[in-house]
Amino acid sequence: MASTEGARASWSGKWAFILAAAASAVGLGNMWRFPYLAAKYGGGTFLLTYLVLVFTFGVSLLLLETALGRKTGQSAIGAFSSFGKKYTFIGVLASAVPFIITPYYCIIGGWVTKYTASYVAAGADALADGGGFFTNFITSNVESYVWMLIFMVLVFVIVGLGVKGGIEKANLFMMPALIVMAIFIALYTLTMPGAVEGALYYLTPDFSKFSPELVISALGQMFYSLSLAMGIMITYGSYMRKQDSLTSSVVRIGCFDLGVSFLAGLMIVPAAFVAMGSGEAVASNAGPSLMFITLPSVFVDMQGMAAVIGFVFFLLVLFAALTSAISLTETLVSIVQDGVKCSRKKALGIVVAFVVIAGAVINAGYNVASFIEPLGAGTSLLDLADFFSNSVLMPIVALLTCIFVGWIIKPKAIIDEVRVSSKFSAAGAWTVMIKYIAPVLVIVILVAYVAAQFGFFSM
């Protein structure tokens with residue numbers, strides 16, 4: 001990063017961008033949602049569907065957003081408004097997404113940090129108590145806030161060190177470490193009696209499970225996992241050098257996301273299969289309950305290696321959470337810096353204050369404000385923030401972005417930017433995807449996930 005306070009940051013090279021964008025894409029969704037969906041929807045059938053969607057719909061939108069960012073040299077609000085003030089609202093909606101997500105993501109990051117430390121301090125047995133440890137922790141009036149703040153401090157320090165000095169160096173360490181740890185756990189898991197059967201369940205396609213519901217679930221997982229429609233890729237694209245290839249970069253980002261998702265499934269599905277006896281039982285656990293209640297019970301069955309595997313696993317998940325939280329926070333800093341026209345240091349200060357306050361308010365939904373159940377019995381303020389940002393706002397932003405590029409400024413504006421550094425022989429197919437196919441798929445995501453929330457559709 002340049003030394004001038006108000007100067008715009010930049011990546012040191014193409015691989016720095018690829019690693020940062022891949023680190024953003026690899027997050028908690030890869031770790032707790034992908035394995036559950038693969039177990040639920042016929043293993044290999046889901047994997048194949050996900051692969052096709054990533055390298056068609058996914059990389060198309062990745063390319064659009066990164067090219068838009070590089071072309072304008074601005075974060076989301078500035079990127080859209082540079083084509084006319086009347087389009088600013090699209091950038092505002094896109095920018096609202098990370099402002100909603102970052103605080104509650106840091107709360108969950110605090111949970112992961114707590115579990116990572118607890119495998120060292122308390123041992124595997126203490127965490128494998130059927131959910132009591134987890135419930136007592138998240139409902140605590142002090143401890144849950146402390147661990148949220150610890151996670152936030154880690155994120156703020158890395159972002160505060162700048163794009164090159166902080167984010168690039170952190171990703172250069174955490175991403176390879178994450179992959180190595182995932183391979184280690186997956187290989188160790190496969191040595192357990194019965195684990196190979198679980199791996200076969202995960203890898204073998206069961207085409208009888210193929211359904212519209214499977215496609216919608218794979219579509220939603222891919223959409224959220226790749227950090228689309230939340231201003232991140234526009235921001236990261238704005239830091240790119242003109243000579244770095246956009247097309248090869250987004251394909252590699254897709255490969256990273258797919259690879260880590262695959263490894264997460266290979267870690268979790270066979271291990272849970274051994275403990276529960278069937279793929280259907282694995283599929284009955286999703287989200288936080290899979291990670292913080294089910295898996296500690298699975299790890300404790302590993303006896304002598306329980307604490308080691310538990311610690312390595314949650315350290316891996318911590319790295320995944322950190323890399324995503326860093327990208328979210330960096331996006332907020334960029335939005336504030338561009339919008340307020342202030343120094344990066346001042347923008348970070350504003351972001352820190354907002355994230356801490358908003359995080360404390362949302363976290364209160366598990367303790368002092370647990371009586372607030374915004375989406376029905378058993379729901380929390382975090383559930384509301386997650387539903388509004390992921391299921392409503394993100395698909396709307398993606399739809400508006402596709403309409404904006406496909407029908408208003410026209411695809412040629414983005415194609416010309418891509419061709420500054422790439423041949424882009426697939427420009428015709430990409431145009432069809434952005435103008436016609438992607439809008440339909442995004443509407444499907446929006447309708448399906450909103451309907452699922454209110455009980456009209458099963459996901």
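Before going into details, it helps to say that this report is about the structure given with it. Just so we're clear, the structure is a prediction, and the values are computed from it rather than from any experiment.

**Things to note about the overall build of the chain**
A tally of regular secondary structure across the chain gives 20 helices and zero strands. Taken over C-alpha atoms, the radius of gyration comes to 21 Å for the chain, in line with the 23 Å a tight globule of 459 residues would show. Seen through its principal axes, the chain has C-alpha atoms that stretch 60 × 50 × 40 Å. Every one of the 459 residues in the chain was classed for burial, and the buried ones make up 60%.

**Notes on the packing of aromatic side chains**
What the rule picks out here adds up to 33 aromatic pairs. Aromatic pair Tyr87 and Phe404: ring centres 5.1 Å apart, planes at 65°, arrangement edge-to-face. With a gap of 317 residues between them, Tyr87 in the loop between α4 (76-81) and α5 (88-121) and Phe404 in helix α18 (residues 381-408) connect regions that are remote in the sequence. Like Phe404, Tyr87 is buried. Taken together, the aromatic side chains of Trp32, Trp111, Tyr115, Tyr119, Phe133, Phe134, Phe292, Phe299, Phe313, Phe314 and Tyr366 make up a single cluster linked through ring pairs. Lying across the ring of Trp407, Lys435 places its NZ or CZ 4.2 Å from the centre.

**Re the pattern of salt bridges**
One pass over the structure, following the stated rule, counts seven salt bridges. Note that Lys40 and Glu213 form a salt bridge whose closest N and O atoms lie 3.7 Å from each other. You can see Lys40 sitting in helix α2 (residues 28-40) and its partner Glu213 sitting in helix α11 (residues 212-225), a full 173 residues away along the chain. Assessed through its relative accessible area of 25%, Lys40 is described here as partly exposed. Asp244 serves as the salt-bridge partner of Arg241, at 3.0 Å between the closest nitrogen and oxygen.

**As for helix α8 (residues 143-160)**
Across its 18 residues, α8 extends 25 Å between first and last C-alpha, which sits within 8% of the 26 Å expected from 1.5 Å per residue. Turning to α8, its buried residues are Ser144, Tyr145, Trp147, Met148, Phe151, Met152, Val155, Phe156, Ile158 and Val159. In this structure, the buried side of α8 is in contact with α5, α7 (132-138), α9 (163-190), α16 (306-340) and α17 (344-363). Gly162 sits one or two positions beyond α8 and adopts a positive phi of about 100°.

**What to know about empty space enclosed by the protein**
This model, assessed by the stated rule, comprises one cavity of 30 Å³ or more. Taken together, Glu65, Phe80, Ala94, Ala229, Gly231, Ile234, Val397 and Thr401 make up the lining of the largest cavity. Class assignment of the residues belonging to the lining of the largest cavity gives a composition of five nonpolar, two polar and one charged.

**Thoughts on the state of the cysteines**
Tallied over the full model, the rule gives zero disulfides. Distance from the sulfur of Cys106, which forms no disulfide, to the nearest cysteine sulfur (Cys342) is 20 Å. By relative accessible area, Cys106 is classed as buried at 0%.

**Structural notes on the nonpolar core**
Grouped burial of nonpolar side chains is what soluble globular proteins tend to show. With 172 residues, the main nonpolar core has Trp11, Met31, Phe57, Trp111, Phe223, Met267 and Phe313 as its most contacted residues. At 18 residues, α16 tops the list of elements feeding residues into this core. Sequence-distant contacts of Phe313, defined by excluding residues within four places in its chain, comprise Ile185, Met267, Ile268, Met291, Leu295 and Phe299.

**Let's talk about the layout of surface pockets**
For the largest pocket, the calculated volume is near 1300 Å³. If you trace the largest pocket, you find 44 residues lining it, with Trp32, Arg33, Gly287, Asp386 and Asn390 closest to the centre. It is α2 that contributes the most residues to the lining of the largest pocket, seven residues altogether. Of the residues contributing to the lining of the largest pocket, the split by class is 26 nonpolar, 15 polar and three charged. If you add up the space inside the second largest pocket, you get close to 200 Å³. Together, 14 residues line the second largest pocket, and Val59, Leu63, Phe424, Ala426 and Trp430 are the ones closest to its centre.

**Observations regarding unusual backbone geometry**
One non-glycine residue, Lys341, lies in the positive phi region at around 60°. Of note, Lys341 is situated in the loop between α16 and α17. Classification of Lys341 by relative accessible area gives exposed; the value is 67%. Of note, the phi angle at Lys410 is positive, near 75°, even though the residue is not glycine. Tracing the sequence through the fold places Lys410 in the loop between α18 and α19 (412-418).

**A short note on the environment of Ala20**
Looking at where Ala20 falls in the secondary structure, it is placed in helix α1 (residues 14-25). Note on Ala20: relative accessible area 1%, which makes it buried. Separated by 426 residues in sequence, Ala20 and Leu446 place their C-alpha atoms 28 Å apart. Apart from the residues lying within four places of it in its own chain, the contact partners of Ala20 are Trp11, Asn171 and Tyr236.

Conventions we followed
Every residue gets a number counted from 1 within its own chain, in the order that chain's sequence is written. Note on the predicted model: pLDDT of at least 70 is required for a residue's local features to be given, and 80 or more for side-chain atom pairs to be given and counted; whole-chain, interface and lining totals, by contrast, use all residues. Note: side-chain values were computed over all heavy atoms of the structure, leaving out hydrogens and water. Secondary structure is summarised from DSSP: a helix means a run of H or I of at least four residues, a strand means a run of E of at least two, and numbering begins at the N terminus for each. In this treatment the radius of gyration is a C-alpha quantity, and the globule benchmark scales as 2.2 Å times the residue count to the 0.38 power. For every residue, the accessible area (1.4 Å probe, protein chains only) is compared with the maximum for its type, and the residue is labelled buried under 20%, exposed over 50%, or partly exposed between those bounds. Each pair of aromatic rings taken from Phe, Tyr and Trp, with Trp reduced to its six-membered ring, is defined by centres within 6.5 Å and is described as stacked if the planes are under 30 degrees apart, edge-to-face if over 60, and tilted in the remaining cases. Throughout this description, the term charge over a ring refers to an Arg CZ or Lys NZ atom that lies within 6 Å of the ring centre and within 35 degrees of the ring normal. Between Lys or Arg on one side and Asp or Glu on the other, a salt bridge is scored when a side-chain nitrogen of the former is within 4 Å of a carboxyl oxygen of the latter. Here the expected span of a helix is defined as 1.5 Å times the quantity of residues minus one. Contacts were defined at the residue level, with two residues in contact if any of their heavy atoms lie within 4.5 Å. Cavities and pockets are found on a 1 Å grid laid over the protein atoms alone: a cavity is a set of points where a 1.4 Å probe fits but cannot escape, a pocket is an open set with protein on both sides within 12 Å along at least five of seven lines, and a lining residue has an atom within 4 Å of such a point. Grid points are joined across faces, edges and corners, and a volume is the space filled by probe spheres set on the points. Under the convention adopted here, Pro, Cys and the residues Ala, Val, Leu, Ile, Met, Phe, Trp and Tyr are nonpolar, Asp, Glu, Lys and Arg are charged, and Gly plus all remaining residues are polar. The criterion for a disulfide is a pair of cysteine sulfur atoms lying within 2.5 Å. Buried Ala, Val, Leu, Ile, Met, Phe, Trp, Tyr and Cys residues form a nonpolar core when they are joined through side-chain atoms within 4.5 Å.

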